[in-house]
Amino acid sequence: MSTEQKDILENRQGEVLERSTDAVAAKKLYIESYGCQMNFSDSEVVASIMSENGFSTTRDLEQADVVLINTCSIRENAETRVRKRLTEFKKKKADNPDMVVGILGCMAERLKKSLLEQEKLVDLVAGPDAYRDLPNLIDEVGTGQKAVNVLLSRDETYADISPVRLDKGGISSFVTIMRGCDNMCSFCVVPFTRGRERSRDPQTIVQECQDLFAKGYKEVTLLGQNVDSYRWNITNKGEIKNKALPTVNFAQLLIMVAKVSPDLRVRFSTSHPKDMTDEVLTAMAAYENICNYIHLPVQAGNSEVLKRMNRGYSREWYLERIEAIHRIIPDCAVSTDIISGFCAETDEEHEETLSLMDIVTFDFAYMFKYSERPKTLAERKFEDDVPEAVKSKRLTQIIEKQQAHSLASNKRRIGRTEKVLVEGVSKRSEEHMSGRTGRNSMVVFPKGNFEKGDYINVRIVDCTSATLLGEAVEN
Ligand code: 5AD
Ligand code: SF4
């Protein structure tokens, strides 16, 4: 696997995040996040709840009174990494026995017993809907009780909580618009770890985006497991809950957020092929600040595999949605997620994933080997019968194809001028800055006098499969 590919996978699986705020308070919270963007966003909600209770965040583990680790269960290796980290915390605790160590997020429900009682790796366990209870749980640890709350809720959206932004001075922020998932894709553990789908009050979403813009943020990413099924004041059977109030679907929400300011870029993740409507695409086309980029996980290119995955669409349906994207939004970038070696996948079925990739030519993809997860439909119904070596071989073929497509996609940008939001100094060179295009490509260009948060026009002169290289031109 190339370094670039490793970077891609690492980013998707979530690198460790340790950040801090400035406030000085008596007690210190150290928080680390793993996994999806939703977890990173949740950690900001947690920091807010904790700050109301006298905690400020620290980057320095040595200073921490409370250490929280926001965990991911999506694949087995995500859990393995968290366990390793918890073992390191346990060693730290030997020197500082008063330090409280807790786990949050998706591993909480599944592993509460073993982590708390058998392995004694943590003092506290809080599931994704239990963060308001954290101050009580911390008090319970102090009194020697087992501090656990993994109850899932049907209506918790943390709508009223103003997240503490952990990326100080940032220009781009996540805004959670819904929680949970009702889809039950057969490979996926999320419906079990995060519970039922519920949408957040749109007024609080718009308010949060307005506040962010007022603080200098230039980009928001609206987050949900399946943003296309966002609905406010409508039941999942399509009935209006309160006739006196307006209903809001995802397309309408996008427009409400886009109207906050033309200088606030709007992104969203994740779309679902079975639910993505032309109304959403039309909203994207109508507002320049809604970025021309859609992450539309396909998972597999064969309709029988998709049926076993319980994805709710066929290969043909997916390809039709891709056509709709290109018809309604010219020059829209599309990325995807692909799983290799799902239960009973044959060579012919795998070939159809490769052929679908050739038809769509995704600009970018996150690619994984199937990893069986406890409790899921696939674990109960199917055998994880594709040998590891075959999964790996297929994954390599998928990755190699994607790299060729990503490179070709980037090469097509050479000679064009792109509007770039400057994110900061390039990781690889002090003399360069980096930023993103609306299509979500990373662009590196000579530093000039630009600052984080500027919009500039960059002419693309060269590229790799992961990055565009350019030079700023007059606006
Ligand atoms: N094995 C491998 N990949 C998975 N994903 C979700 N569950 C699994 C699993 N059990 C991938 C899907 C999803 C992305 C977030 O993670 O591709 O879209
Ligand atoms: Fe998991 Fe499917 Fe829900 Fe995505 S849509 S979180 S893959 S169940």
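Treat the numbers as computed from the prediction; the structure is a model and nothing was measured. (Residues numbered from 1 in each chain as written. Chains lettered and ligands numbered in written order. Predicted model: local features only at pLDDT ≥ 70, side-chain atom pairs only at ≥ 80, totals over all residues. Heavy atoms only, no water.)

Around ligand 1, the surrounding shell holds 12 residues, and the nearest of these are R75, F187, Q299, D337 and S371. Interatomic distance of 2.7 Å between a side-chain N/O atom of Q299 and an oxygen atom of ligand 1. Between an oxygen atom of ligand 1 and a side-chain N or O atom of D337, the distance comes to 2.6 Å. Taking 400 Å² as the accessible area of ligand 1 by itself, protein coverage stands at 90%. (Near = heavy atom within 4 Å. Polar contact = N/O pair within 3.5 Å; in protein donor to acceptor, adjacent residues only side chain to side chain. Areas by Shrake-Rupley, 256 points an atom, 1.4 Å probe, with all protein chains shown as cover.)

Another aspect to go through is the packing of aromatic side chains. All told, the structure shown has 10 aromatic pairs when counted by the stated rule. A connected cluster of aromatic rings, assembled from ring pairs, spans F187, F342, Y370 and F382. A cation over a ring is seen here: R75 above F368, with NZ or CZ 3.7 Å from the ring centre. Residue placement shows K419 over the ring face of Y455; its charged tip is 4.6 Å from the ring centre. (Phe/Tyr/Trp six-rings, centres within 6.5 Å; stacked < 30°, edge-to-face > 60°. Lys NZ or Arg CZ within 6 Å of the ring centre and 35° of its normal.)

Right, let's talk about the packing of helix α12 (residues 347–360) against helix α14 (residues 388–411) for a bit. Packing of α12 against α14 brings their axes to within 10 Å, and their N-to-C directions diverge by 10°. With respect to α14, the element α12 is oriented roughly parallel. Between α12 and α14, the contacting residues are D347, H350, T353, L354, M357 and D358 on the first element and R394, Q397, I398, K401, Q402 and H405 on the second. (Axes fitted to C-alpha atoms, helices over the stretch in contact; angles between N-to-C directions. Helix = DSSP H or I, 4+ residues; strand = E, 2+ residues; numbered from the N terminus. Parallel < 35°, antiparallel > 145°, perpendicular 65-115°, else oblique. Contact = heavy atoms within 4.5 Å.)

Let's shift gears to the pattern of salt bridges. In total, this model carries 39 salt bridges according to the counting rule given. Between R198 and D129 there is a salt bridge, and its shortest N-O distance comes to 3.0 Å. With a gap of 69 residues between them, R198 in strand β9 (residues 198–199) and D129 in the loop between β5 (124–126) and α5 (134–142) connect regions that are remote in the sequence. The exposure classification of R198 matches that of D129, with both residues buried. Two residues, R394 and D347, come together in a salt bridge whose shortest N-O distance is 2.9 Å. Of the two residues, R394 sits in helix α14 while D347 sits in helix α12, which places them 47 residues apart along the sequence. In this structure R394 comes out as buried when scored by relative accessible area, which is 5%. Judged by its relative accessible area of 43%, D347 is partly exposed. (Salt bridge = Lys/Arg side-chain N within 4 Å of Asp/Glu carboxyl O. Buried < 20%, exposed > 50% of the residue type's maximum accessible area, 1.4 Å probe, protein only.)

Turning our attention to the domain arrangement of the protein. The accessible area lost on association of the parts is a frequent measure of interface size. Segmenting the protein into domains produces domain 1 (3–149), domain 2 (172–411) and domain 3 (417–473). Computed over C-alpha atoms only, the centres of domain 2 and domain 3 are separated by 26 Å. With 20 residues of domain 2 at the interface, the matching set in domain 3 holds 17 residues. Roughly 1,400 Å² of surface becomes buried between domain 2 and domain 3 when both sides are summed, with 45% attributable to carbon and sulfur atoms. Of all residues in domain 2, the largest losses of buried area upon contact with domain 3 belong to K218, R265 and N410, amounting jointly to 42% of the total for that side. Inspection of the region where domain 2 meets domain 3 yields three salt bridges. Note that R439 is salt-bridged to D363, the shortest N-O span being 3.0 Å. Scanning the region where domain 2 abuts domain 3 turns up 11 residue pairs in polar contact (both at pLDDT 80 or more). Listed by contribution, the elements that provide at least two residues to the side of domain 2 that touches domain 3 are β13 (265–269) and α14. When residues of the side of domain 2 that touches domain 3 are assigned to their parent elements, the largest contribution, six residues, is made by α14. (Domains from an automatic or database assignment. Buried area = accessible area lost by both parts, 1.4 Å probe.)

The next thing to look at is the nonpolar core. If you look at the biggest cluster of nonpolar residues, it comprises 65 residues, and the most contacted ones within it are L222, F250, M284 and I294. Element by element, the count of residues in this core is highest for helix α8 (residues 250–258), at six residues. Apart from residues no more than four positions distant in its own chain, M284 is found in contact with L254, F268, I290, C291, N292, Y293, I294, I329 and C332. By size, the runner-up hydrophobic cluster in this structure holds 25 residues, among which are I31, I49, M50 and V66. (Core = buried A, V, L, I, M, F, W, Y, C linked by side-chain atoms within 4.5 Å.)

This next bit is on the sheet that holds strand β7 (residues 172–176). Within a beta sheet, neighbouring strands are joined by backbone hydrogen bonds and run either parallel or antiparallel to one another. Reading across the sheet, the three strands line up as β7-β10-β13 and stay open at both edges, with parallel pairing between neighbours. At either end of the open sheet lies a strand with only one pairing partner, and these are β7 and β13. With direction set aside, neighbouring strand axes in the sheet form an average angle of 25°. Bridge analysis of strand β10 (residues 219–223) against β13 gives five bridges, and the strand direction is parallel. Looking at the pairing, E219 lines up with R265 of β13. (Pairing = 2+ DSSP bridges.)

The next subject is the sheet that holds strand β4 (residues 100–105). Taken together, the six strands give an open sheet; going across it, the order is β2-β1-β3-β4-β5-β6, and neighbouring strands pair in parallel fashion. The open sheet has two edge strands, β2 (55–57) and β6 (147–149), and neither has a second partner. Strand-to-strand twist of the sheet, defined as the mean angle between neighbouring strand axes without regard to direction, takes the value 25°. Alignment of β4 against β5, held across three bridges, turns out to be parallel.

Among the residues making up α5, those that are buried are L134, P135, L137, I138 and V141. What you see down the axis of α5 is that its buried residues fit within an arc of 160°, all on one side. Among the structural elements, α2 (37–52), β3 (66–71), β4, β5 and β6 are those in contact with the buried residues of α5. (Arc of directions from axis to C-beta.)

Here β4 lies mainly inside the structure; six of its six residues are buried. Both β3 and β4 contribute to a ladder of six bridges, which runs parallel. The residue of β4 that forms the bridge with N70 is L104. Taken together, β3, helix α3 (residues 76–95) and β4 form a β-α-β motif whose crossover is right-handed. Note on the crossover from β4 through helix α4 (residues 107–118) to β5: the handedness is right-handed. (Right-handed = clockwise from strand over helix to strand, strands pointing away.)

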